[in-house]
Amino acid sequence: MHLGWQAKQRPDAIAVIESGGRTVTYAELDARSRQLAAAIGLKPGDAIAIRMPSGAAFLEVAWAAQRSGLLYTPVNTHLLPAEVEEMARGKLLITEEVYERLLAAPGTGEFEECEGRELPFSGGTTGRPKAVRKQLTAGPMGDPAAECVQVAQGLAHYGFGPDAVYLSTAPFHHASPLVHCMSLLRLGATLVVMDRFDAAECLELIERHRVTHAQFVPTMFVRMLKLPAARP
């Protein structure tokens, strides 16, 4: 139960749809994440920080880390430089520019494939943001003992699978959208990813892509309810 398995079974299935319309297949997402994993060249247990907009490229980097046993920290793109420096301390910081260089770099294609884990930071509402460390097994991909695999198995019990179309409405520097999207790619779902929430665009994406599942916070419902009523 992991991205590589889905790419072998359903290479042409759509993995990610960005709100601007760009689509990425499972084969494309798998290939680029492998290429990035080899180019990054770190060993299991090392850490990276990802400061990129929410979208397919972010997920390619996250899966490069996930499949090479790395810890990966999502970083808010709106943070001040000093805040970014604190979150990225001791980690390889990957931005859009670094991402492009990694893809262009000639790689060996070799890396040690094993399960990694997200390393989010707390929101900092009661003090400075702190790293939320989770279990890192570094076991084989799809290892049932890995908590990230268990999360995906739990979602499968709620009907998520290849027929699911999941709308991700919040940026990936929030833990829940990131964990849901990474887990659902293990299950073969299609992700519709918004880089930022817009009420009217959200409703349009739900209708256009026949979204079956989504995740919201109360403020999002308030914004949608405040939209002008549609004309008959």
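Since the model is a prediction, treat every value here as computed from it, not as a measurement.

Draft legend 1. Region of the structure containing the overall build of the chain. From N to C terminus, the chain includes nine helices and nine strands. Computed over C-alpha atoms, the radius of gyration of the chain comes to 17 Å, within 12% of the 17 Å expected from 2.2 N^0.38 for 232 residues, which places it in the range of a compact globule. If you line up the chain on its principal axes, its C-alpha atoms span 60 × 45 × 35 Å. A fraction of 73% describes how many contacts in the chain between residues 6 or more apart in sequence connect residues 24 or more apart. Carbon and sulfur atoms make up 54% of the accessible area of the chain, which amounts to about 11,600 Å² in all.

Draft legend 2. Layout of the pattern of salt bridges. Per the counting criterion, the structure on display carries 12 salt bridges. Between Arg-208 and Glu-204 there is a salt bridge, and its shortest N-O distance comes to 2.6 Å. Placement of the pair is Arg-208 and Glu-204 together in helix α8 (residues 199-209), with a separation of four residues, close to one helical turn. Judged by relative accessible area, Arg-208 falls into the partly exposed class, the value being 44%.

Draft legend 3. Broad picture of the packing of aromatic side chains. Tallied over the entire structure, the rule returns three aromatic pairs. Between the aromatic rings of Phe-160 and Tyr-166, the centroid separation amounts to 6.5 Å while the plane-to-plane angle is 65°, which identifies the pairing as edge-to-face. Tyr-166 gets classed as buried once you look at its relative accessible area, which sits at 2%. Look at Phe-216 and Phe-221: their rings are 5.1 Å apart centre to centre, the planes differ by 50°, and that puts the pair in the tilted class. Judged by relative accessible area, Phe-221 falls into the partly exposed class, the value being 41%.

Parameters and conventions
- Throughout this description, residue numbers start from 1 for each chain and increase along the sequence as written.
- Only residues with pLDDT of at least 70 get local features here, since the model is predicted, and only at 80 or more are side-chain atom pairs given and counted; chain-wide, interface and lining totals rely on the full set of residues.
- Only hydrogens and water are removed before side-chain values are computed, so all heavy atoms of the structure are retained for them.
- The helix and strand labels rest on DSSP assignments: H or I over at least four residues marks a helix, E over at least two residues marks a strand, and numbering proceeds from the N terminus.
- For the radius of gyration, the atoms used are the C-alpha atoms, and the globule rule reads 2.2 Å times the number of residues raised to 0.38.
- Throughout, a residue-residue contact means that at least one pair of heavy atoms, one from each residue, lies within 4.5 Å.
- Computed by Shrake-Rupley with a 1.4 Å probe, the accessible areas treat only the displayed protein chains as cover when residues are assessed.
- Any Lys or Arg side-chain nitrogen located within 4 Å of an Asp or Glu carboxyl oxygen qualifies as a salt bridge.
- Only protein chains enter the area calculation, which uses a 1.4 Å probe; residues under 20% of their type maximum are buried, those over 50% are exposed, and those in between are partly exposed.
- Classification of ring pairs rests on two measures: the distance between centres of Phe, Tyr or Trp rings, Trp counted by its six-membered ring, which must be within 6.5 Å, and the angle between planes, read as stacked under 30 degrees, edge-to-face over 60 and tilted in between.

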